[in-house]
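Analysis of the macromolecular model
Residue-level listing of the chains:
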Amino acid sequence: MKKSFLYLLFAGIIIFLFAGCPLPLTTNIAADIVITLGRFNPTANNSLYGGVGGTLSVPVTVSDQTGKTLTGDYTIVFTLSADNSLATTGDNTGMGSSSVTAAQEQVADVSIPAAVAAGNYTLFAVISDAADTVKNNNTASISVVVGASNLPNLQIASLAAGSSIASYLPGAAGKVIYKIANAGFAAIASGTTFTVNLTFNLSGTDTSVGSTNITLSAALYPQDFITGTADFTMPSAGTLAADNGEAALTSWSEALTATVDSGGAITETDETDNTNTVTISSGSSKPELSIASVTVADGTDYAKKGNPVEYSVKVENTGLAAAQGYSVVLFVDIDGDGTQNTGDKTLYTWDSPPVVPFDIVNGTNNNVILSVPEGTVYPSDITDGMYYVRAVITGSMEEWDTANNTSTNPNSSQIDFVTTAYDLSIDYMSTSLTGAVNEAAGGSVPVSFRIYNSAGDTVTTDFAVHFYASSDGTLAPAGDTDLGSVTVTDSLSGNSRIIKNTTLTIPGGLGTGYYTIYWIIDDTDAVSELDENNNTPASADECFVFFPVSDGSTGIDARLIVYKPANAPPEQTYIYGSYYPDAWVTYDNKTGYPDQPGEKAFDISCTGGYQLTPGNTVGLHFFGLNYAGYPDGAVPYAFRFVPDYVASVPAAALPSALSSEDTFESNDSQSTAALLSGSNDPLTGFINAFTNYAGYSYNYDYFSFVMP
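Residues numbered from 1 in each chain as written. Predicted model: local features only at pLDDT ≥ 70, side-chain atom pairs only at ≥ 80, totals over all residues. Heavy atoms only, no water.

A tally of helices and strands in the protein chain yields two helices and 41 strands. With an accessible surface of roughly 31,000 Å², the protein chain has 49% of that area assigned to carbon and sulfur atoms. (Helix = DSSP H or I, 4+ residues; strand = E, 2+ residues; numbered from the N terminus. Areas by Shrake-Rupley, 256 points an atom, 1.4 Å probe, with all protein chains shown as cover.)

Dropping the structure here:
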């Protein structure tokens, strides 16, 4: 009575749980005991394999998915289903059960009945005795391929030479790397020994050159594989020459055949697919040169005619003898066909460069680096344009292969040959603006901008610098406010900078908020430059001029950025800062650990930025604390308010030198913005964070200003 009731209860649970589609490989619905079915060689297949009337090996794991330690043995019931469902029982075949110890993967061997036809099935595994209350995760499934023959099938899935060049001298020791797979439907037991034999076909006869006995340290299950190496010995020079039909050996190449289970110790489903081949070369001792790289020394992507040639060439030898008596030519590939032709321009020729050794024992690639001597210049008769600079190995030296003696495309990009070299780029822009611009009437913003010519020639052509104002940090001239342009008429020498000043007129009605001024150099392309992509900032973070526009009442979103200036003492300091938007009532704070001059201490920000409201008093409050071992004193910090969409600005965009008017040192009384580095500008300034390690006493430095 009790046994019948349990069977009915178990069957009801199974039908209830698995009606419809089967569960995934591991079902993790509840934090409870789960079962997992694994695979052999899971990267190559998604199924388990077994033969009719044979054994199906199943990796099984029982665990608790909550991470609890699970112990004891569990009975796993296996069922083979033809329709991928346990709900319909007419096609299901019981596969028996197996006891599995929890918390570790075990291989359960179950029998495939002889009545099962070859084909594709789903194997269900159910924990029959899980002592948990939630049963909907006590099953797992996996696809199964049942073969008609219950036998293994050894194959050499891959075969490769143990040397990178796959070449060995006559009589030398060689090595191959093999991957042997069991492509059958039955496992090969642990401890089984079989042989891998290596042969060359020499003068019409298969000749063994080595063999390796393999003893399995673990069972080789269907679709799994093992890897290893096998040694062989190259035939003598005379044997190889005879195979070529030569009196004396030149070069030789042949397929090395590896045969697994060459003695037939294992009965397989197919005895004809046990071989694989790899091509092995040999011959008289020869070098094998190639151009490994062609590199321009300074990384430049242009070459001015008449300028020094600063290239180096790496020549690599992967052959079986030292390379000597050759030449290397560095040339400009004018026609772009990848070879040296009559119309190409020679830059330099190395005659009889250093010997390149060989190291066949260790299989390493040996090389020499050839550098163009000082004083070599680019020829003047190269037409301006983009070309590849290549190298070619020449001479009468015998090699294994001469087809790889020219560099195909060693450079990451082509070199731009030019008669003159200019490259204008934005360098820096600042302003002396000390207050907000009137939203209704507009105003002016004085700016000082610096332009850099990073190329070697002097720019004498006049060019324009165009200015724009962006309200959202996106730099798009079509939608931003055009602030006009100025023309630069000064000559700008190569590798030098020029500083210019102008005053930008801000139109009325621009709208309240923080604005970013950015600029575009030579937007009409009056100067033909090497790089036209560095004439404008890429983002608002590369812009250093930000100005507020005020209507006298509406708040402006901003954030505060604090740096230790470059001329600050190097003491490592913990700094704490607070921002008070409403005169010391509420605040937000931030901490940082800048231990070197020029580092950002922190930025104080919040979602949407801070509201700097015109007419309202704003407070800033700092203190610092040194680590042990550093002297006490005031550590200066430069601060700046910027638009809330600007993530950061470099230290160079903040005040860079303290003045005698900065009196913030051990200052415990409120001060005004007028004391900030001798400026009334409330948007940038200095603060001295006084530090005192002994006793952790805090000395506060703080001040307030009225937002204009």
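Moving on from the coordinates now.
Backbone-to-backbone hydrogen bonds pair the strands of a sheet. The strands run either parallel or antiparallel. The strand order across the open sheet built from five strands is β25-β31-β30-β27-β28, with neighbouring strands paired in mixed fashion. Both outer strands of the open sheet, β25 (437-438) and β28 (481-488), are each paired with one neighbouring strand and no more. Here six bridges tie strand β27 (residues 463-470) to strand β30 (residues 513-521), and the two strands are oriented antiparallel to one another. Looking at the pairing, Tyr468 lines up with Tyr518 of β30. (Pairing = 2+ DSSP bridges.)

This model, assessed by the stated rule, comprises 15 aromatic pairs. Ring geometry for Tyr168 and Phe232: centres 5.5 Å apart, planes at 80°, overall edge-to-face. Here the residue Tyr168 occupies a position in the loop between β9 (154-161) and β10 (173-182), and Phe232 occupies one in strand β13 (residues 225-233), the gap between them amounting to 64 residues. Side by side, Tyr168 and Phe232 carry an identical accessibility label, which is buried. Three or more aromatic residues joined by ring pairs form one cluster here, namely Tyr168, Phe200, Phe232 and Trp252. Geometry around Phe225 places Lys179 over its ring, the cationic atom sitting 4.3 Å from the centre. For the cation-ring pair, Arg497 lies above Tyr452, with the distance from its terminal atom to the ring centre recorded as 4.0 Å. (Phe/Tyr/Trp six-rings, centres within 6.5 Å; stacked < 30°, edge-to-face > 60°. Buried < 20%, exposed > 50% of the residue type's maximum accessible area, 1.4 Å probe, protein only. Lys NZ or Arg CZ within 6 Å of the ring centre and 35° of its normal.)

Under the definition given, this model contains two cavities of 30 Å³ or more. A volume near 30 Å³ is recorded for the second largest cavity. Lining the second largest cavity are Phe40, Tyr49, Thr55, Ser57, Phe185, Ala186, Ala187 and Pro222. Class assignment for the residues of the lining of the second largest cavity results in six nonpolar, two polar and no charged. (1 Å grid on protein atoms, 1.4 Å probe; cavity = no way out; pocket = protein on both sides within 12 Å on 5 of 7 lines; lining within 4 Å. Points joined across faces, edges and corners; volume = space filled by probe spheres on them. Nonpolar A, V, L, I, M, F, W, Y, C, P; charged D, E, K, R; others polar.)

Okay, the side chain of Thr516 next. Within the secondary structure, Thr516 is located in strand β30. The exposure class assigned to Thr516 is buried, which follows from its relative accessible area of 0%. Those residues in contact with Thr516 that lie beyond four places of it in its chain are Tyr468, Ala469, Ser470, Ala540, Cys543, Val545, Phe546, Pro643 and Tyr645. (Contact = heavy atoms within 4.5 Å.)

What follows is about the pattern of salt bridges. Counted under the stated rule, the structure contains 10 salt bridges. With a shortest N-O distance of 3.0 Å, Lys345 and Asp381 are connected by a salt bridge. Taken together, the residues Lys345 in strand β20 (residues 345-351) and Asp381 in the loop between β21 (366-371) and β22 (385-394) connect sequence positions 36 residues apart. Accessibility expressed as a relative area gives 48% for Asp381, which makes it partly exposed. With a shortest N-O distance of 2.6 Å, Arg559 and Asp603 are connected by a salt bridge. (Salt bridge = Lys/Arg side-chain N within 4 Å of Asp/Glu carboxyl O.)

With that out of the way, let us pick up the nonpolar core. Membership of the largest hydrophobic core comes to 42 residues, with the highest contact counts inside it found for Val562, Tyr579, Leu620, Tyr637, Phe641 and Val649. If we skip the residues at most four places from it in the chain, Val562 touches Lys600, Ala601, Phe602, Phe622, Tyr637, Ala638 and Phe639. Counting residues in each nonpolar core, the second largest holds 32 residues, with Phe194, Val196, Phe200 and Ala258 among its members. (Core = buried A, V, L, I, M, F, W, Y, C linked by side-chain atoms within 4.5 Å.)

Moving on, we get to the sheet that holds strand β6 (residues 106-111). Spatially, three strands are ordered β1-β3-β6 in an open sheet, and the strand pairing comes out antiparallel. Every interior strand has two partners, whereas the edge strands, β1 (33-37) and β6, have only one. Adjacent strand axes in the sheet meet at a mean angle of 35° when their direction is disregarded. Relative to strand β3 (residues 55-64), β1 runs antiparallel, the two sharing five bridges. The partner of Leu37 across the bridge, within β3, is Val60. (Axes fitted to C-alpha atoms, helices over the stretch in contact; angles between N-to-C directions.)

As a further point, take the environment of Gly615. Mapped onto the elements of the fold, Gly615 is located in the loop between β36 (610-612) and β37 (617-626). Put simply, Gly615 and Phe705 are 90 residues apart on the chain and 9.5 Å apart in space, counted from C-alpha to C-alpha. Residues contacting Gly615, with those up to four places away along its chain left out, are Val706 and Met707.

Attention shifts here to the confidence of the model for the protein chain. Residues with a pLDDT of 70 or more make up 84% of the protein chain, whose mean pLDDT is 83. Within the model, pLDDT remains below 50 along residues 1-31, and this stretch shows 47 contacts once partners closer than five positions in the same chain are excluded. Within the model, the stretch residues 659-669 combines pLDDT values under 50 with 31 contacts to residues more than four positions away or in other chains. (pLDDT = per-residue confidence, 0-100.)

Moving on, we come to the pairing of strand β32 (residues 556-563). Every regular strand shows the same layout, with side chains that alternate between the two sheet faces. The element β32 is largely enclosed, with a buried count of seven among its eight residues. Where β32 and strand β35 (residues 600-604) come together, four bridges link them in antiparallel fashion. For Ile561, the partnering residue across the bridge sits in β35 and is Asp603.

Excluding glycine, residues mostly have negative phi values, and the peptide bonds linking residues are mostly trans. For Asp261, which is not glycine, the phi torsion reads 55° and is therefore positive. Residue position: Asp261 is located in the loop between β14 (251-260) and β15 (275-283). In this model, Asn495 sits at a positive phi of 55°, which is unusual for a non-glycine residue. Among the secondary structure elements, Asn495 is positioned in the loop between β28 and β29 (496-506).

Structurally, Leu70 is set in the loop between β3 and β4 (73-81). When its relative accessible area of 13% is taken as the criterion, Leu70 is described as buried. Expressed as a C-alpha distance, the spacing of Leu70 and Gln104, which sit 34 residues apart in the sequence, is 9.7 Å.

Along the chain, Tyr563 falls in strand β32. Accessibility expressed as a relative area gives 8% for Tyr563, which makes it buried. Separated by 36 residues in sequence, Tyr563 and Glu599 place their C-alpha atoms 5.7 Å apart. With residues up to four places along the chain from it excluded, the contact list for Tyr563 reads Gly598, Glu599, Lys600, Ala601, Tyr637, Ala638, Ser648, Val649, Pro650, Ala651 and Leu654.

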